[in-house]
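Close look at the chain arrangement
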Amino acid sequence: MKRTTESAAQIAREHNISPQLLRNRLKKGMSIEDAVKECINVRDARTASGSAPHKSSRPGQGEIEFAGETYASFSAACQALGLRESSAYAKRKRLMDDGYSLESASRAVLEEAATRGVQRRKRTPVIINGISYDSQLEAAGALGLSMGSINARRTRDKLSFEDAVRALLEARTADFVYGVPATTHPWPELRNAISGNQDYQLTEDGDQITATLSLPGGIAINYTISMAVSGFLSFYFQDLDFLASCDLNELNSHYIGVKFLREADNTVSARYDMPVIGRSQSDLAQFFKVRNFVFSIISSIINQ
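Everything quoted here is computed from the prediction, not taken from an experiment. (Residues numbered from 1 in each chain as written. Predicted model: local features only at pLDDT ≥ 70, side-chain atom pairs only at ≥ 80, totals over all residues. Heavy atoms only, no water.)

1. Describing the overall build of the protein chain
Convention followed: Helix numbering and strand numbering both begin at the N terminus, where a helix is a DSSP run of H or I of at least 4 residues and a strand a DSSP run of E of at least 2. Accessibility here uses a 1.4 Å probe with only protein chains present; expressed as a share of the type maximum, an area under 20% marks a residue as buried, one over 50% as exposed, and anything in between as partly exposed. Under the convention used here, a 1.4 Å probe and the Shrake-Rupley method define accessible areas, while residue burial counts only the protein chains that appear.
From N to C terminus, the protein chain includes twelve helices and ten strands. Residue burial in the protein chain is summarised as follows: out of 304 residues, 38% are buried. Approximately 17,100 Å² of the protein chain is accessible, and the part contributed by carbon and sulfur atoms is 49%.

Written out as structure tokens, the structure is:
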């Protein structure tokens, strides 16, 4: 076995075996060669029996050290260095096809990125549910989605970036039960940040924030803000009398992101569900973006 000075973790990563099992065999006095062979046999036996593989046997998912930093995964290292994940994984695979080990291929890709520096790609603004973002990466971060899951959905269903994001968000909201507030993290922190601003009042039970939208012509619209389910903040505008005679299906198809609803008492309401990622400053910035967007839609409808 060459490079006997390598750590058990490094050797385990190269051979896709359990580092803990390898250390146990070495502690029992086995040589590195014999220990690796036995660990490989154990791995293959588990695979053949259908047992779940050890975490380290999933390429790219284990920790990786580079330039004095430890990253949770190859993917995390790529993000930190500004690498596009799909390109980095493709380049690593080509190197491994040329005979590189998993570790050496990963390191070569990261070293090239560090030497070359972060590529400055042209940003393409995107609009998701009416909200504009400077780039796809910014949109993914603000909505709590990974670029990997978005790209996978795009490839599988042959969707545009915007449609793939909307599909993933719709899947997350499929089990919404409105009227059943979530009081878990991150609602308390976000609730306190919002209610600290002028014109927002927290209800006594702490489940909702109430506010009033004042528009020209003496029009005042009451609305509430709550976390309908953990992970989404809901804006709910009630008693929109000026929409009573409107075709709500037409409004919903025209103003993507806002849901116009006719309630049981025949009044009209509007709702917008905003994904929350659990970082208060980012969520608060997204909150004001969404609020201004909904305000602009209501104002434009009234002006029409």
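Don't stop here, the text continues.
2. A closer look at unusual backbone geometry
Despite not being glycine, N129 shows a phi value in the positive range, around 50 degrees. By the element assignment, N129 lies in the loop between β3 (126-128) and β4 (131-133). Not every positive phi belongs to a glycine, and K158 is a case in point at roughly 55 degrees. Within the secondary structure layout, K158 lies in the loop between α8 (147-157) and α9 (161-173).

3. Description of the pairing of strand β8 (residues 232-237)
For clarity, the cut-off: Pairs of strands are assigned from DSSP output, requiring at least two bridges between the strands.
Among the six residues that make up β8, six are buried, leaving the element largely enclosed by the rest of the structure. Every second residue of β8 is oriented toward a common face, with F232, S234 and Y236 on one face and L233, F235 and F237 on the other, all of them buried. The pairing of β8 with strand β10 (residues 268-275) spans six bridges and is antiparallel. Paired with S234 across the strands is D273, a residue of β10.

4. Points about the side chain of S226
Short version of the rule: Pairs of residues are marked as contacts when any of their non-hydrogen atoms sit within 4.5 Å.
Summarising the element assignment, S226 is placed in strand β7 (residues 219-229). Dropping the residues within four chain positions of it, S226 is found in contact with W187, D207, Q208, F232, L233 and S234.

5. As for the packing of helix α1 (residues 8-15) against helix α2 (residues 19-27)
Condition: Only the contacting stretch of a helix is used when fitting its axis, a line to C-alpha atoms as for every element, and angles between N-to-C directions run 0 to 180 degrees. An angle below 35 degrees is treated as roughly parallel, one above 145 as roughly antiparallel, one from 65 to 115 as roughly perpendicular, and anything else as oblique. Less than a right angle of anticlockwise turn of the near helix away from the far helix marks a crossing as left-handed, whereas a clockwise turn marks it as right-handed. In this count, Pro and Cys sit with the nonpolar residues alongside Ala, Val, Leu, Ile, Met, Phe, Trp and Tyr, while Asp, Glu, Lys and Arg are called charged and the others, Gly among them, polar.
Viewed as axis vectors pointing N to C, α1 and α2 meet at an angle of 125 degrees, and their least axial separation amounts to 9 Å. Comparing their axes, α2 and α1 come out oblique. The hand of the α1/α2 crossing is right-handed. Of the residues in α2, those touching α1 at A8, A9, I11 and A12 are P19, L22, R23 and L26. Residues that form the contact of α1 with α2 fall into these classes: seven nonpolar, no polar and one charged.

6. What about the nonpolar core?
Counted only if it meets this: Among buried residues, the Ala, Val, Leu, Ile, Met, Phe, Trp, Tyr and Cys ones that are joined through side-chain atoms within 4.5 Å form a nonpolar core.
Grouped together as the largest cluster of nonpolar side chains are 52 residues, with contacts concentrated most on L233, F237 and F260. Considering each element in turn, this core owes the most residues, nine residues, to helix α12 (residues 280-303). Contacts of F237, omitting those with residues within four sequence positions, involve L213, I221, N222, Y223, V268, S269, A270, V294, F295 and I298. I64, F74, V109 and A113 belong to the second-largest nonpolar core, a separate cluster that totals 14 residues.

7. Digging into the confidence of the model for the protein chain
Applicable threshold: Confidence per residue, as judged by the predictor, is encoded in pLDDT with a range of 0 to 100.
For the protein chain, per-residue confidence averages 78 on the pLDDT scale, and 83% of positions sit at 70 or higher. The spread of mean pLDDT over the elements of the protein chain runs between α1, the lowest at 73, and strand β9 (residues 259-262), the highest at 90. Low pLDDT, under 50, characterises residues 1-5; the stretch is placed with six contacts to residues that sit more than four places away or in other chains. Across residues 52-60, where pLDDT falls below 50, the model places 16 contacts with residues more than four positions away in sequence or in other chains.

8. Focus on helix α10 (residues 187-195)
Quick reminder of the rule: The directions considered for the arc are those from the helix axis to the C-beta atoms.
Taken together, the buried positions of α10 are occupied by W187, L190, R191 and I194. The buried residues of α10 all sit within an arc of 105 degrees when viewed along its axis, so they share a single face.

9. A closer look at the side chain of E103
Looking at the element boundaries, E103 is found in helix α6 (residues 102-116). On the basis of relative accessible area, E103 is assigned to the buried category, the value being 15%. Those residues in contact with E103 that sit more than four places away from it in its chain are Q10, R13 and E14.

10. Considerations on the pattern of salt bridges
Formally: A pairing counts as a salt bridge when a side-chain nitrogen of Lys or Arg comes within 4 Å of a carboxyl oxygen of Asp or Glu.
For the coordinates displayed, the defined rule picks out eight salt bridges. Measuring nitrogen to oxygen at the nearest pair gives 3.2 Å for the salt bridge that ties K91 to E112. Of this pair, K91 sits in helix α5 (residues 85-97) while E112 sits in helix α6; the two residues are 21 residues apart in sequence, bridging distant segments of the chain. The exposure class of K91 is partly exposed, given its relative accessible area of 24%. Two residues, D97 and K93, come together in a salt bridge whose shortest N-O distance is 3.2 Å. Of this pair, D97 and K93 are both found in helix α5, four residues apart, which corresponds to roughly one turn of the helix. The class of D97 is exposed, set by a relative accessible area of 55%. Through salt bridges with shared partners, a single network forms among R153, R156 and D157.

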